[in-house]
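Architecture and fold: a report
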Amino acid sequence: MQKDTAFAKGKFYSLFKIFSRINWLFVMRLSVCCGAILIFSFSLFASARTNGQSLNGTKVQLHVHQESLKSALQKLQDQSGFSIFYLSAKVSGYTNISIDAKPRTVAEALQSLLKGTDLDYHQDGNKIILSEKKKTAIPAKKEEVTAGATDMNKRIVGIVRDENNQPLPGVTVRSKQNNTLSTATDINGHFHLDISSENDVFIFTFIGYKPKEVATNGSTSLDIHMEPAAGTLDEVQVIGYGTTTKRANTGAVSSITAKDIENQPVSNPLAAMQGKLPGVQITQNNGLPGSGFRVQIRGIGSLASGTLPLYVVDGVPFTLFNGSSPASDGLNAFGVSGANGGEISPLSMINPDDIERIDVLKDADATAIYGSKGANGVVLITTKKGATGKTKYSANFYQGVGKVGHFIDMLNTTDYLAMRRAAFAASGTTPTTSNAPDLTVWDPNTNTNWQKELIGGTAHTTNADIAISGGNAQNTFLFSSNYRHEGTVFPGSFGANTFSNRLNAGHKSEDNKFGINLNVNYGYMQNNLIGTDLSTLYNLPPNLPTYNANGSLYWNSSVTNPLAYLLRPTSNTTTNLISNMDVYYHLLPGLTVKANLGYSATGLKQTLETPLTSLNPSTVVLSSPTNRLQYADNTYSNYIVEPQLEYVKKILSGNLQALIGTTFQRTNTDGLSLLGTGFSSDALIGNLNNAASIVNYGSNNSDYKYNALFARLNYNWDEKYIIDGTFRRDGSSRFGANHRFGNFWAVGAGWVFSQESFMKNLPWFSFGKLRGSYGLTGNDQIQNYLYDAYFNATGSANSYQGQSIIYPSSIPNPNLHWETNKKLDGAIELGFFKDRIYLKADYFRNRSSDQLVSVAVPTQAGFNSYTANFPAVVQNNGFEFELSTTNIQSRSFKWVTAFNLTIQRNKILSIDNASQLFSSSSYIVGQPVNATLLYHFTGIDPKTGIPTYQDLNGDGAITYAGDRAPAPLGHPYYGGMTNSFTYKNIQLDVAFQFNHRMGYINNTSSYPYGTGLTNQNASALQRWMAPGDNSIYPGATTVGTTPYYNYNSSDANWGDASYLKLKTVNISYALPKTWVRSIGFSNLMVFARGENLVTWAKQKYTYDPETTVSGAAPGLGTGQYIAMPQLRTMVIGLNCTF
Amino acid sequence: MKLKYSLSKLVLIGMVFPAMIMSSSCKKYVELDAPENKINASTAYLTDASATAAVIALYNYGIYGSSVPVQQAISFYGGVSSDELHYTLTTTPEITDVENNSIAIGSGINSTFWQYAYSELLATNDAITGITNSTTLTPSVKSQLLGEAKFFRAFVNFYLVNFYGGVPLTGNDPLTNAYLPRSTADQVWASVISDLKDAQGLLPTAYVGTLRARVNQSAATALLARAYLYRKDYVNAEAMATQVINSGTYSLAPTASAFINTSNETILQFATYYGYSSFAQSYRTSTSAVNIAPPTYVLTSKIANSFEAGDNRKTNWVDSTVSGSKYYRINKYKIFTAATAGAGNEFNVVLRLAEQYLIRAEARAQQGNLSGAAADINLIRTRAGLANTTASTSATLLAAIAQERKVELFGEYGHRWLDLLRTGQANAVLSAMKPNTWNATRSVLFPIPDLQRQQNTALTQNPGY
């Protein structure tokens, strides 16, 4: 205890003294760093001062009269600014110490104080270490060391250095004989440990370096040189309820780390994962701030239920699935919807810079420990923790601009009007002021490019982070704070401001037996948008007027004035608290009891205003104003309690790790949706209280309880043979009384064959592992309460004469249970040339059965369906490849490549009694779950311009039921490649993302050409125009018949929807260390980063071939639907540490 | 050392024991109470308040596919099936099929009509069973609610048997209901009449709540009168209509205000939240007198032209608008929309006194009471500003009644279609009007939805499909 307080006091003292000192250094630093970090600059003086301190140069004036040595040392410490380290037991014997109060150097003071004791001192940076005077060396006898022995009478000191001979702070030093005996190196790479035996072996571990074992052989001082690990095989990998290394892992886990995330100017951690991880497909619903993400891990395993992965943030489940259908983890799945779509991604509340790593668990071995929640894969997000060592202050700032990267080529006014005239001519109707104002009323000479007008702006992005972290062997801390502004490309000042704060604190007891770690993250996002995504207005008539001659908004009964949407603001206020605490206690050697306690609370308050000024005046009744305010308030709260017992034991030449634990989790959702109407003035529209009428549009209440018992047994024989077994029994309140609990399990095994003696003498071969796993997980993503008979209550809008009503909610099914997902995985991992080439190849096959679907019942039942487990099997199989190579590694130049590729197939293997499925026609055995049925296009009739199709069933008519065939999928694959080049202080990272698949290629045209007041994309120029034309595009008409409407659902609109994106580029330059140090920093880096820079795609008639709207089928990343694309963003910034 | 010891104890007590206690009650842990916006079905009929909430759900809005879509399907599809309404849009070709009396067996809107009706019936049956079995309700409340539920079962079955012929008579267990075969039309009619008689006995004469928006005894009697008329039980039809007419509660209102929610002519209306009729948005496109675009459903020129000169029903209930072509807008309900709850003064009028006079007139004419029939007709004509009828024989009186029904009840709950069917006129009238598409066998009944027959093989199809 003494050591700690002394250390801390010394530090704070010097810090305090500095407060009064302002010098040029401070001013200069201020100009370099952003203002936000000003306050943290004080520490620089602390280090600047103590660095130059010497025992002989620092004077003190001590007055000690008949005091204990301990208190005298305390005084010395307080005055000198040095931290004094000693063993209490060795010092406590000395009392009655006196020295006079004359000025002395610290060295002189120490000599006086220690005179007559058998203590000696030495200086170690700004620390003074007291030790027993060296006795004549006696060859140490080999002692039996008992674990946990408290008889620590020897001290070992040392320094750890890196490959460049520089001290390495934060290295863990652990005794091999006594697990509880460990420490970490300080900022100067120094460490010391009190030991009971001089003949111990110490293990030095540090991320990114090869672990090193060193035997003391009686020596009390060690000089250790760590070698960097060429690969990342020994990097810690986070898995469910524990950690492992790439080397020892028996499961399929892919990870990205802070290094990969920091390089990208993203606002949501999920965006940073795009294209980086095999088997993981991620798209954003749209490019507006906060918008939802869709993540699929190893394909869609469920016909109709949720395919959301389980997100776990520092042990707290963060998949905010509230039982909505279709399943969504978005925040406003219920309530008011802004331009950014039906949902806000809760993960946008987590600052990407706070994340240490993200590990995606994919196979049974990795996910079965999450039981009925593991089927769709698990995303473990681990945030940064305070690290031991000198307090580190860092600040990161960037600012930049974003624009829509690709616009859709639309017809200009001349071509548009020609198309419209042709359409009227073809159908023999006359354009009138009511059916064709574009031809009869509007100015044929105006030509507005609506995309440029509405989404052609520039979005500004600003991001600022600061973090302070540090600690000593016992206590660590990290504070971080983030501010982010994201603008939009809409006209006007819309956008989101996010502010988040995070605190991480860790404590370990002095004997290392007890530890506690706490994380608290609070985020606030204020997202001001409009109700409509203006990118969807790309097809307005190009000559649509927006203003009348008198300056008022132009109104027409058929087309809403696009400027009116700008007058309908939405406000989305999101708050998010995630807190968790891990505690552990080493009960007995090898036996640890621990617990994970988490609580999260997420709230979203949304409003959407529709003022009178945004409404067509001809529909507005002034006596009962139709201006309105939609209001929704949703909260999610979630707690989790997970007590666990862990046992580690060496058995024969292997390590046994056993874990058993239990989970109690409860999630509450509360939501309310209100509509206020009849505001006497638009100025009062912001407050619901001013509405003449408030209607309750309904509420969203759900409660979910979950309980589980889980266990893992892992045996690692000599780092060569590893077997791993997991089991979970869990119960979920979503399931029927007859099937509430289920058992899930997995077995995994790994054989590190490169450890075998016959492989050891291949110099080019460094690592080889075969692994495989098989097991059972579940999917529970269905609505709550389906198992029992309930009556729903409705809001006031559905009341009858002011009385609320209730009605039967669904057909109860007490037999309801999870979907069963059997996962098989086999993989080979190979390392060559000291792991400079590392390849991982997985084959996986997931089969999910007991599909949770709506089973159709004849509607005379009173309902048309009920939810049940259905005998259908969906299979996802495929190959995943992960290749990382260090292509060049010289003193000043390094080139590293990371490549991943996933080839994946999704197929319905069988459906029994398919006709009973509610959406039976949507599913075809042998085809993917989201198969698309299309008419087979046989060309445009050259005589009429009407599209023709093949009569597949030969019944003489083209019918929806009989003449559509599954669309060909081609050979889908996706992946990404990142190249990183480092030349001296310059780093360049270039990341590509690709997705190869077939899909709709021209869905933005709305057929038939010329119908209604709708502009068309440039494909309309190639349409059939006159008899005899051979075109693949139908003729214009104002009266479409079925063949016209079928055109978009035919294979004429199906083709290569692949794309390749230059996803991110990062160029950074670290300023020369010597110069940086001279102005008081330890690191100063400037950078430029870009995102979504270039897209290569054949699919021209969409903004972004990747955008997928929430809930829209089929598949991810098809670009089929129109929404704001992810912006082409470029930022510049700087990053400093001191 | 002491600290460490107590710390370890603390950890033990704090983590292990609660875990053990909780583990032993795992099963209980994952059991849930109903959330705040639901109640368990077993408790729905325990209290007056919740039983009332379950029964008034039958009136309106509450259940997806409850009475509003049923009412609309009855009125619109019945209207276009006959010579009464015209569907002006092309967006739903299936409605055009109904207008052409050529409904496909796979028709989605037909399937939806069927589904809505049975959804309402399940809630009705559930209420009837639940309330009957409940021992905790106040007797007067129990009687009222049971009467209302029986009225609704009769109401829905009445339309089902008219549109489809015999249909399955379902109960309160969904999975048993699902596979029932069709009952005969006679069995369905028997159920309708029996339910209405029960309702008559259970319901009070006074209205519960405000504005005649809950079923009372007269409403049950009025529907029963209609049912007897359709069954050609003219004695009972006359008796029931008389009972309503003589109750002293109702009187014919001026045509200009016959459909407002305080009209004294109304026997039963279904309240709406904003105070505008749920038919209004399909019969008109604005509250103002000028239509910008044609409404979804307009009166056919045939009906519009069949008003006698000077009929103030044409003046007050029909207005024609020009937007490229001439459209006859049904102007019974004047209010198109309202911004705030209860701002309007129009509900959906379900049963009104005028029909009861016409029922009695017809029943009397059929029984040979010609003067009585004429007297009833003349009440209606007088209110319309017309001179007394000149009809004097049974046949001419019946024709006069048919004419009055046509111009009195248009746009309301498919009266015209059902009248044509029950009087055997459909074939003659509609084959002339729609010669290319009318089929004497097939067109008189809607088809049983094909998907339903696939799912429940016990269902037979109607003739001609």
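Residues numbered from 1 in each chain as written. Chains lettered and ligands numbered in written order. Predicted model: local features only at pLDDT ≥ 70, side-chain atom pairs only at ≥ 80, totals over all residues. Heavy atoms only, no water.

**Observations concerning the overall build of chain B**
Threshold: A run of H or I in DSSP becomes a helix once it reaches four residues, and a run of E becomes a strand once it reaches two; helices and strands are each numbered from the N terminus. Buried means the residue's accessible area, taken with a 1.4 Å probe over protein chains only, is under 20% of the maximum for its type, while exposed means over 50%, and partly exposed covers the values in between. Contacts are assigned to residue pairs that have any heavy atoms within 4.5 Å of one another. Only the protein chains shown count as cover for residues, with accessible areas throughout obtained via the Shrake-Rupley method and a probe of 1.4 Å. We score Asp and Glu as negative and Lys and Arg as positive, and we do not count His or the chain ends. For charged residues, the charge sits on one atom: NZ in Lys, CZ in Arg, CG in Asp, CD in Glu.
When helices and strands are counted, chain B shows 20 helices and seven strands. By its C-alpha atoms, chain B is 115 × 50 × 45 Å across when sized along the principal axes. Taking all 465 residues of chain B together, 58% fall into the buried category. Across chain B, every contact between residues at least 6 apart in sequence was considered, and the portion connecting residues at least 24 apart equals 71%. As displayed, chain B has an accessible area near 17000 Å², and 57% of this comes from carbon and sulfur atoms. If the 36 positive side-chain charges of chain B are averaged to one point and the 31 negative ones to another, these points end up 4 Å apart.

**Some words on the overall build of chain A**
In terms of helices and strands, chain A carries 15 helices and 55 strands. The burial tally for chain A puts 57% of its 1138 residues in the buried class. A sequence separation of at least 24 residues applies to 70% of the contacts in chain A between residues at least 6 apart. By element, 56% of the accessible surface of chain A is carried by carbon and sulfur atoms, the whole surface being about 44300 Å².

**Remarks on the packing of helix H10 (residues 217-230) of chain B against helix H11 (residues 234-245) of chain B**
The axes of two packed helices give the description: the angle between them and the distance between them. Residue and element names in this part refer to chain B. Keep this limit in mind: Each axis is a line fitted through C-alpha atoms, and for a helix only the stretch in contact is used; angles between axes span 0 to 180 degrees, taken between their N-to-C directions. Orientation is classified from the angle alone, with under 35 degrees giving roughly parallel, over 145 giving roughly antiparallel, 65 to 115 giving roughly perpendicular, and any other angle giving oblique. Helix crossings fall into two classes, left-handed where the near helix is turned counterclockwise from the far one by less than a right angle and right-handed where it is turned clockwise.
Across the interface, H10 lies against H11 with an axial gap of 8 Å and an inter-helix angle of 155°. Comparing their axes, H11 and H10 come out roughly antiparallel. Crossing angle aside, the handedness with which H10 passes H11 is left-handed. Residues Ser218, Thr221, Ala222, Leu224, Ala225, Tyr228 and Leu229 of H10 form the contact with H11, whose participating residues are Tyr234, Asn236, Ala237, Met240, Ala241, Gln243 and Val244.

**Concerning the interface of chain B and chain A**
For clarity, the cut-off: By buried area we mean how much accessible surface two parts lose on assembly, using a 1.4 Å probe and totalling the loss over both. Any Lys or Arg side-chain nitrogen found within 4 Å of a carboxyl oxygen on Asp or Glu counts as a salt bridge. Any pair of nitrogen or oxygen atoms within 3.5 Å is treated as a polar contact; in protein, a donor-acceptor pairing is required on top of that, and neighbouring residues in sequence qualify only through side-chain atoms on both sides. Polarity classes work like this: nonpolar for Ala, Val, Leu, Ile, Met, Phe, Trp, Tyr, Cys and Pro, charged for Asp, Glu, Lys and Arg, and polar for all others, with Gly in that last group.
Each side of the interface is counted separately: chain B has 70 residues, and chain A has 73 residues. Carbon and sulfur atoms make up 65% of the area that chain B and chain A hide from each other, which totals about 5900 Å². Inspection of the chain B/chain A interface yields zero salt bridges. Here chain B and chain A share 14 residue pairs in polar contact (both at pLDDT 80 or more) between them. For the side of chain B that touches chain A, the secondary-structure elements that each account for two or more residues are helix H1 (2-24), helix H2 (26-29), strand S1 (38-40), helix H3 (48-56), helix H6 (108-133), helix H8 (174-177), strand S3 (266-270) and helix H20 (450-455) of chain B. For the side of chain B that touches chain A, the element with the highest residue contribution is H1 of chain B, accounting for nine residues. In terms of residue class, the side of chain B that touches chain A is built from 44 nonpolar, 18 polar and eight charged.

**What about the sheet that holds S1 of chain B?**
Threshold: Should DSSP find at least two bridges between two strands, the strands are regarded as paired.
Reading across the sheet, the three strands line up as S38(A)-S37(A)-S1(B) and stay open at both edges, with antiparallel pairing between neighbours. Two strands in the sheet have a free side with no partner beyond their single neighbour: strand S38 (806-808) of chain A together with S1 of chain B. Strand-to-strand twist in this sheet, taken as the mean axis angle between neighbours without regard to direction, amounts to 30°. Inspection of the sheet shows strand S37 (residues 790-793) of chain A paired to S1 of chain B by three bridges, in the antiparallel sense. Counterpart to Phe791 of chain A in the pairing with S1 of chain B is Ile39 of chain B.

**Some points on the sheet that holds strand S7 (residues 127-132) of chain A**
Residues and elements named next belong to chain A. Taken together, the three strands give an open sheet; going across it, the order is S3-S7-S6, and neighbouring strands pair in mixed fashion. The sheet terminates laterally at strand S3 (83-85) and strand S6 (119-124), the two strands that pair on one side only. Each adjacent strand pair in this sheet contributes to an overall mean axis angle of 25°, direction not counted. Pairing between S6 and S7: six bridges, direction antiparallel. Counted as the bridge partner of Tyr121 is Leu130 from S7. Relative to the sheet, helix H4 (residues 69-80) contacts S3, S6 and S7, its axis offset from that of S3 by approximately 150°. Running at roughly 160° to S6, helix H6 (residues 106-114) makes contact with S6 and S7 of the sheet.

**Some thoughts on the pairing of S37 of chain A**
Direction of pairing for S37 of chain A relative to S38 of chain A: antiparallel, over a ladder of three bridges. Across the sheet, Phe791 of chain A pairs through a bridge with Pro808 of chain A, a residue of S38 of chain A.

**A closer look at the nonpolar core**
Stated formally: Note on terminology: a nonpolar core comprises buried Ala, Val, Leu, Ile, Met, Phe, Trp, Tyr and Cys residues joined through side-chain atoms within 4.5 Å.
If you look at the biggest cluster of nonpolar residues, it comprises 123 residues, and the most contacted ones within it are Tyr77, Phe151 and Leu299 of chain B. The element best represented in this core is helix H7 (residues 139-164) of chain B, accounting for 14 residues. Leaving out residues up to four positions away in the same chain, Leu299 of chain B has contacts with Glu84, Leu85, Ala304, Phe307, Val318, Tyr328, Ile330 and Phe410 of chain B. Core analysis: the second largest hydrophobic core is formed by 49 residues, Trp450, Tyr538, Leu544 and Val559 of chain A among them.

**Quick word on the pairing of S3 of chain B**
Residue and element names in this part refer to chain B. Burial analysis of S3 places five of its five residues in the buried class, the great majority of the element. Both S3 and strand S7 (residues 348-352) contribute to a ladder of four bridges, which runs antiparallel. The partner of Phe270 across the bridge, within S7, is Asn348.

**Considering the confidence of the model for chain B**
Residue and element names in this part refer to chain B. The test is simple: Per-residue confidence from the predictor is given as pLDDT, running between 0 and 100.
Taken over all residues, the pLDDT of chain B has a mean of 89, while the share at 70 or more is 91%. Taken together, the stretch residues 61-65 has pLDDT below 50 and engages in 18 contacts with residues farther than four places along the chain or on a different chain. On the interface metric, ipTM, the complex scores 0.89, and its pTM is 0.80.

**Some thoughts on the pattern of salt bridges**
All names here are of chain A. For the coordinates displayed, the defined rule picks out 49 salt bridges over all chains. With its nearest N and O atoms 2.9 Å apart, the salt bridge here joins Asp825 to Arg298. One end of the pair, Asp825, is in strand S39 (residues 819-832); the other, Arg298, is in the loop between strand S19 (293-297) and strand S20 (310-313), with 527 residues separating them in the sequence. Assessed through its relative accessible area of 4%, Asp825 is described here as buried. Two residues, Arg298 and Asp842, come together in a salt bridge whose shortest N-O distance is 3.6 Å. Residue Arg298 is found in the loop between S19 and S20, and its partner Asp842 is found in strand S40 (residues 837-849); the two are separated by 544 residues along the sequence. As far as the burial class goes, Arg298 and Asp842 line up, both buried.

**Points about the packing of aromatic side chains**
For the record, the criterion: Paired rings are identified among Phe, Tyr and Trp, the last through its six-membered ring, by centres lying within 6.5 Å, and are further divided according to the angle between planes into stacked (under 30 degrees), edge-to-face (over 60) and tilted (the rest). Note on geometry: a ring has a charge over it if NZ (lysine) or CZ (arginine) is within 6 Å of the ring centre and within 35 degrees of the ring normal.
Taken as a whole, this structure holds 67 aromatic pairs over all chains when the rule is applied. Ring centres 5.6 Å apart and planes at 90° place the aromatic pair Tyr59 of chain B and Phe270 of chain B in the edge-to-face group. Here the residue Tyr59 of chain B occupies a position in the loop between H3 and helix H4 (67-81), and Phe270 of chain B occupies one in strand S3, the gap between them amounting to 211 residues. Overall, the relative accessible area of 0% leaves Tyr59 of chain B in the buried class. The class for Phe270 of chain B is buried, based on a relative accessible area of 0%. Arg964 of chain A extends its terminal NZ or CZ atom over the ring of Tyr960 of chain A, reaching a point 3.6 Å from the ring centre.

**Considerations on H10 of chain B**
Two residues of an α-helix separated by three or four positions point the same way, owing to the 3.6 residues in each turn. Residue and element names in this part refer to chain B. Note the cut-off: By definition here, a helix of n residues has an expected span of 1.5 Å times n minus one.
If you check H10, its first and last C-alpha atoms are 20 Å apart, about what 14 residues at 1.5 Å a residue would give, namely 20 Å. Taking the backbone nitrogen of Ser218 as reference, a side-chain oxygen 3.2 Å away marks Asn216 as the first, capping residue of H10. Immediately downstream of H10, the backbone of Lys232 shows phi near 60°, a positive value.

**Describing the packing of H10 of chain B against helix H15 (residues 353-367) of chain B**
Residues and elements named next belong to chain B. Interhelical geometry of H10 versus H15 gives an angle of 35° and a closest axis separation of 10 Å. The hand of the H10/H15 crossing is left-handed. Residue-level inspection shows Ala222, Ala225, Arg226 and Leu229 of H10 in contact with H15, the latter providing Glu355, Gln356, Ile359, Glu362 and Ala363. Looking at the contact of H10 with H15 residue by residue, the classes come out as five nonpolar, one polar and three charged.

**Details of the environment of Ala965 of chain A**
In this fold, Ala965 of chain A is placed in strand S48 (residues 964-966). Discounting chain neighbours no more than four positions away, the residues touching Ala965 of chain A are Thr932, Leu933, Leu934 and Leu952 of chain A.

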